[in-house]
Amino acid sequence: MNLFILFSSENNVKFSTLPASVTEDLASHLNAKQGKNWKYLAGLMEYSSSFTQNLDLTPTEATQKLLQDWEHKSGTTVFALYCLLQKLGREDASAILLPFLTPKSRGEDVV
């Protein structure tokens, strides 16, 4: 099943409305030094290398700080972040967002 089609109408949930635990769960996956980590995500979010160098000073909090900054920009929806994580090939991290993309989790009827 194509998840893009499934969730394309569910893209208006602001990331900033999610519980703080979601950011921490994402950080547990993306703060790693190896693989497609928070630095690659920052690149997809169009952050500069100087911004990521500042985050690198506190690597155990880098993902949290990145997402805290990103959520204040326009278009920062759960769906947008989900798509970025999919683009990175980070199914493990994008799976954390799945419950927040479905109508049922937002108190809506599934049609």
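Residues numbered from 1 in each chain as written. Predicted model: local features only at pLDDT ≥ 70, side-chain atom pairs only at ≥ 80, totals over all residues. Heavy atoms only, no water.

Chemist: Where do I start with the overall build of the protein in this structure?
Modeler: When helices and strands are tallied, the protein shows seven helices and zero strands. Considering the protein as a whole, with its 111 residues, one finds that 37% of them fall into the buried category. Nonlocal contacts in the protein, meaning residues at least 24 apart in sequence, comprise 66% of its contacts between residues at least 6 apart. Surface accessibility of the protein: about 6,500 Å² in total, with carbon and sulfur atoms responsible for 53%. (Helix = DSSP H or I, 4+ residues; strand = E, 2+ residues; numbered from the N terminus. Buried < 20%, exposed > 50% of the residue type's maximum accessible area, 1.4 Å probe, protein only. Contact = heavy atoms within 4.5 Å. Areas by Shrake-Rupley, 256 points an atom, 1.4 Å probe, with all protein chains shown as cover.)

Chemist: So what exactly am I meant to see when it comes to the environment of Leu101 here?
Modeler: Within the secondary structure layout, Leu101 lies in the segment after α7 (91-97). According to the relative accessible area criterion, Leu101 is buried, its value standing at 0%. Spatially, the C-alpha atom of Leu101 lies 6.8 Å from that of Phe79, the residues being 22 residues apart in sequence.

Chemist: What is the right way to read the packing of aromatic side chains from this model?
Modeler: How two aromatic rings sit relative to each other is set out by the distance from centre to centre and by the angle between their planes. Across all of its chains, the model carries two aromatic pairs by this definition. Centroid distance Tyr47 to Phe51: 4.4 Å. Interplanar angle 25 degrees. Geometry classified as stacked. By relative accessible area, which is 22% here, Phe51 ends up partly exposed. (Phe/Tyr/Trp six-rings, centres within 6.5 Å; stacked < 30°, edge-to-face > 60°.)

Chemist: What should I look at first to understand the confidence of the model for the protein in this one?
Modeler: As a general rule, the predicted coordinates of low-pLDDT regions are not to be interpreted in detail. With 82% of its residues at a pLDDT of 70 or more, the protein shows a mean pLDDT of 86. In the predicted structure, residues 4-9 sits below a pLDDT of 50 and forms seven contacts with residues beyond four places in sequence or in another chain. (pLDDT = per-residue confidence, 0-100.)

Chemist: Please clarify how the side chain of Thr52 should be interpreted in this entry.
Modeler: Here Thr52 shows up in helix α4 (residues 49-55). A relative accessible area of 13% places Thr52 in the buried class. If we skip the residues at most four places from it in the chain, Thr52 touches Trp38 and Ala42.

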